[in-house]
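Single-letter residue listing:
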Amino acid sequence: MDNSQAPERIVIDHEETKLSAQQKPSKGGWRSAIFVIFVEVAERFSYYGVSGNLITYLTIVLGQPTATAAKNVNMWAGVSMVSPILGAIVADSYLGRFKTIIISSIIYFMGVLLLTLSVSVASLRHHQSIFFLALYIISIGEGGHKPCVQAFAADQFNDDVPQEKAAKSSFFNWWYAGIVSGASVSLLFVVYVQDSISWGTAYAILAAAVAAALGLFLMGIPTYRRQEPLGSPFVQVAQVLVASVRKRRVDATHSDCRFCSEDWRVGGHANGRSGFKTLARTTQFRFLDKAMIVDNIDASSKTRNHWRLCPVNQVEEVKLLLRLVPIWLTSLMFTIVFAQISTYFTKQGSTMIRSINGSRFQIPAASLQAINGITIVIFTVIYDRILVPVTRKITGRPSGITILQRMGIGHFISIFTMIIAGVMEAKRVRVARQHGLIDLPKSTVPMRVWWLLPQYISCGTSLVFTIVGMQELFYDQIPEGMRSMGAAAYISTVGVGSFLSSAVISIVQAISSRTGHQWLVDDLNRAHLYYFYWMLAGLSALNLCFFLWFAEGFEYKKIEWNDPNEEKISLNGYSNNGRR
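Residues numbered from 1 in each chain as written. Predicted model: local features only at pLDDT ≥ 70, side-chain atom pairs only at ≥ 80, totals over all residues. Heavy atoms only, no water.

Caption draft 1: The arrangement of the overall build of the protein chain in detail. Counting its secondary structure elements, the protein chain contains 19 helices and six strands. Expressed as a percentage of its 580 residues, the buried residues of the protein chain come to 56%. Partitioning the intrachain contacts of the protein chain with sequence separation of at least 6 by distance along the chain shows that 81% fall at a separation of at least 24. When the accessible surface of the protein chain is totalled, it reaches about 24,600 Å², and 63% of it is carbon and sulfur. (Helix = DSSP H or I, 4+ residues; strand = E, 2+ residues; numbered from the N terminus. Buried < 20%, exposed > 50% of the residue type's maximum accessible area, 1.4 Å probe, protein only. Contact = heavy atoms within 4.5 Å. Areas by Shrake-Rupley, 256 points an atom, 1.4 Å probe, with all protein chains shown as cover.)

Below you can see the structure in the form of structure tokens.
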């Protein structure tokens, strides 16, 4: 298959197109998705109200060392972002996305409520076990909520209607801008309440936001499109793998090979046509093709053995999953860089001048993360309204550039994020040394916190490209019955990245301590944090090389429309098909 060719476009009769455009669906579309977007905005408001300033609570209130607190933050964030895998399995296989969202939201609310009590009730205030129990109950709620909400919102757009298909690509941009807006408001407002009023009041506000979000979600019930769970998709994956192994000696290249054409198809109408959609056959992972070859044993059997013979569509769905694995792995380095925002970026800011024009008001160090969010919102508008139309004229693609091209740009920018962060940290340490503050870690370094703006802006810009690209890739290129799992897969990169960030910190501490010059110590003036940042920049550059290599050979999903009365048609007009 030559993927360098431009994707074919389906030619539809004018009258059919006109009819489709005039049809007003009773459910779904933007009017349904907007409910879900606001729910996710409230959830992100709550989550970042907890995570954004968590390292401050651990170090100041609970008295943990900086490195220990950073690892605890990364560990909790990692669990919160990996648990969606289990939530996705439950949603796709048993409960469905709608019910999973409701149940997980209730669990989430209970966690935030317990967190509020743990910091408000005097007898519980210094019991770390209660505090961490509440945090991990929130992680459980996050596990069910996070993978389902985005997939449920995207489900409101029908891929068979061109207008809605085009709107879905724009949806991912505005989805991310919305949730970042919620996070940014939290980092400005809630963090200020935590630092200036009380932790209990701040967490009570978050609990109220979660309750309001659940109520808002329930208000939209009459407008939602719902998809029932299709059973465990892992069984279907296992069947293909087992069948391929059982037929490993079968020659798949023989001209007389007959393939199983029975598919689990999505029937119905698209653009006025009757028939069914199937995945087009691809040439990658050819060893899996043996699972769909009809041999003598299959031909003589009256019924199909699902563990010996699989239809073409089922085999191609497994190939979709395998293609995403290297992209997932090469996205981990990016999330390790992203993990520094809520840990060492925040600690950097806490040592600098944070007052405005000499006033007594101090900008909370954790609120600096809002700069990252504001950058994302602004650049999302620029990307969606300016960059996409311009690149669309050049490439002819509805999305302007392909998803992987978008992600690759984000990876490239992240390298400069770490370089800039290292330069700014080296300057901060130099100023501290010039003023004799090297051994005074609690003293304020006479350097404005605005010097950190470039690293936050650079990071926010990279997120617009990479994270939004990952969201779209792991929704669009996943089998339809596993779309909650697709959302969980992209979210899990953030979680695993947090785990890896903790591991990298431990390794760096162990190695640098042997030289007598630890890179990461509590006194940032004595630390060599800039070496750590530059090391991450080097690893990111190496990772980008691997990403580009895997992206070069990536084949996007291709869908064919089979009509018993017509010739097989390619439906790639509104997809990012081709390489990269």
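Caption draft 2: Representation of a nonpolar patch on the surface within the structure. A surface patch of nonpolar side chains, about 890 Å² in accessible area, is lined by Val185, Leu188, Phe189, Ile374, Ile378, Ile382, Ile386, Leu387, Val390 and Ile394. Among the elements of the structure, helix H8 (162-196) and helix H15 (369-395) are those that each provide at least two residues to the nonpolar patch. The greatest single-element share of the nonpolar patch, amounting to seven residues, is contributed by H15. The residue Val390 is located in helix H15 in this model. Owing to a relative accessible area of 45%, Val390 belongs among the partly exposed residues under this scheme. (Patch = residues over 30% accessible without salt bridge, like charges linked within 9 Å, V, L, I, M, F, W, Y side chains within 5 Å. Salt bridge = Lys/Arg side-chain N within 4 Å of Asp/Glu carboxyl O.)

Caption draft 3: Broad picture of the confidence of the model for the protein chain. Chain-level pLDDT for the protein chain is 78 on average; 83% of the residues reach the 70-or-more range. The least confident element of the protein chain, judged by mean pLDDT, is helix H1 (residues 14-22) at 38; the most confident is helix H19 (residues 529-552) at 92. Contacts for the low-pLDDT stretch residues 1-24, under 50 throughout, to residues beyond four places or in other chains number 31 contacts. This model gives residues 263-274 a pLDDT under 50, and the stretch forms 45 contacts once residues within four places in sequence are excluded. (pLDDT = per-residue confidence, 0-100.)

Caption draft 4: Looking closely at the packing of aromatic side chains. All told, the structure shown has 27 aromatic pairs when counted by the stated rule. Here Tyr344 and Phe532 contribute two aromatic rings whose centre-to-centre distance is 6.0 Å and whose plane-to-plane angle is 65 degrees, an arrangement assigned as edge-to-face. One end of the pair, Tyr344, is in helix H14 (residues 344-350); the other, Phe532, is in helix H19, with 188 residues separating them in the sequence. Residue Tyr344 shares its accessibility class with Phe532, and that shared class is buried. Put simply, the rings of Phe35, Phe98, Phe152, Phe217 and Tyr224 touch in pairs and so form one group of aromatic residues. Sitting above the plane of the Tyr383 ring, Arg406 keeps its charged end 3.9 Å from the centroid. Positioned over the ring face of Trp451 is Lys427, at 4.5 Å from the centre of the ring. (Phe/Tyr/Trp six-rings, centres within 6.5 Å; stacked < 30°, edge-to-face > 60°. Lys NZ or Arg CZ within 6 Å of the ring centre and 35° of its normal.)

Caption draft 5: Examining the environment of Val112 more closely. Within the secondary structure, Val112 is located in helix H6 (residues 97-120). Sequence spacing of Val112 and Ala204 is 92 residues, and the spatial spacing of their C-alpha atoms is 7.9 Å. In this view, Val112 contacts Ser46, Ile138, Tyr203, Leu206, Ala207 and Val210; residues no more than four positions away in its chain are not counted.

Caption draft 6: Representation of helix H17 (residues 453-476) within the structure. Its 24 residues give H17 an end-to-end C-alpha distance of 34 Å, which sits within 8% of 34 Å, the value for a rise of 1.5 Å per residue. Counted residue by residue, H17 has 21 buried out of 24 residues, so it is predominantly covered. (Expected span 1.5 Å × (residues − 1).)

Caption draft 7: Molecular detail of the packing of H15 against H17. Remark: H15 packs on H17, axes separated minimally by 8 Å, with the N-to-C direction vectors making an angle of 45 degrees. Classified by the interaxial angle, the pair formed by H15 and H17 is oblique. Along this stretch, H15 crosses H17, giving a crossing that reads as right-handed. Where H15 abuts H17, its residues Gln369, Ile371, Asn372, Thr375, Ile376, Phe379, Thr380, Tyr383 and Leu387 lie against Leu453, Tyr456, Ile457, Cys459, Gly460, Thr461, Leu463, Val464 and Phe465. (Axes fitted to C-alpha atoms, helices over the stretch in contact; angles between N-to-C directions. Parallel < 35°, antiparallel > 145°, perpendicular 65-115°, else oblique. Left-handed = near helix turned anticlockwise from the far one by under 90°.)

Caption draft 8: Spatial organisation of the pairing of strand E4 (residues 445-448). Along E4, the buried face is formed by Val445 and Met447; none of Pro446 and Arg448, which line the opposite face, is buried. Summarising the sheet, strand E3 (residues 352-353) and E4 pair through two bridges and their orientation is parallel. Pairing of Ile353 across the sheet is with Arg448, part of E4. (Pairing = 2+ DSSP bridges.)

Caption draft 9: Focus on the nonpolar core. If you look at the biggest cluster of nonpolar residues, it comprises 139 residues, and the most contacted ones within it are Phe131, Phe171, Leu404, Leu473 and Phe532. Structurally, this core is a two-domain feature, drawing no fewer than three residues from each of domain 1 (25-231) and domain 2 (323-555). If near-sequence neighbours (up to four positions away) are discounted, Phe532 is found in contact with Gln340, Tyr344, Val504, Ile505, Val508, Trp519 and Leu520. (Core = buried A, V, L, I, M, F, W, Y, C linked by side-chain atoms within 4.5 Å. Domains from an automatic or database assignment.)

Caption draft 10: Summary view of the side chain of Ser83. Structurally, Ser83 is set in the loop between helix H4 (66-82) and helix H5 (84-95). By relative accessible area, which is 16% here, Ser83 ends up buried. Residues contacting Ser83, with those up to four places away along its chain left out, are Ser139, Glu142 and Gly143.

Caption draft 11: Structural detail: the pattern of salt bridges. According to the stated counting rule, one finds nine salt bridges in the structure shown. The partner of Arg44 in a salt bridge is Glu142, with the nearest N and O atoms 2.5 Å apart. Placement of Arg44 in helix H2 (residues 30-51) and of Glu142 in helix H7 (residues 128-154) is noted, with a sequence separation of 98 residues between them. In this structure, Arg44 and Glu142 share a single accessibility class: buried. One salt bridge in this structure joins Arg323 and Glu316, with 3.9 Å as the shortest N-O distance. Comparing Arg323 with Glu316 shows no difference in burial state: the two are buried. Salt bridges linked by common partners bring Glu40, Glu43, Arg44, Glu142 and Lys146 together as one network.

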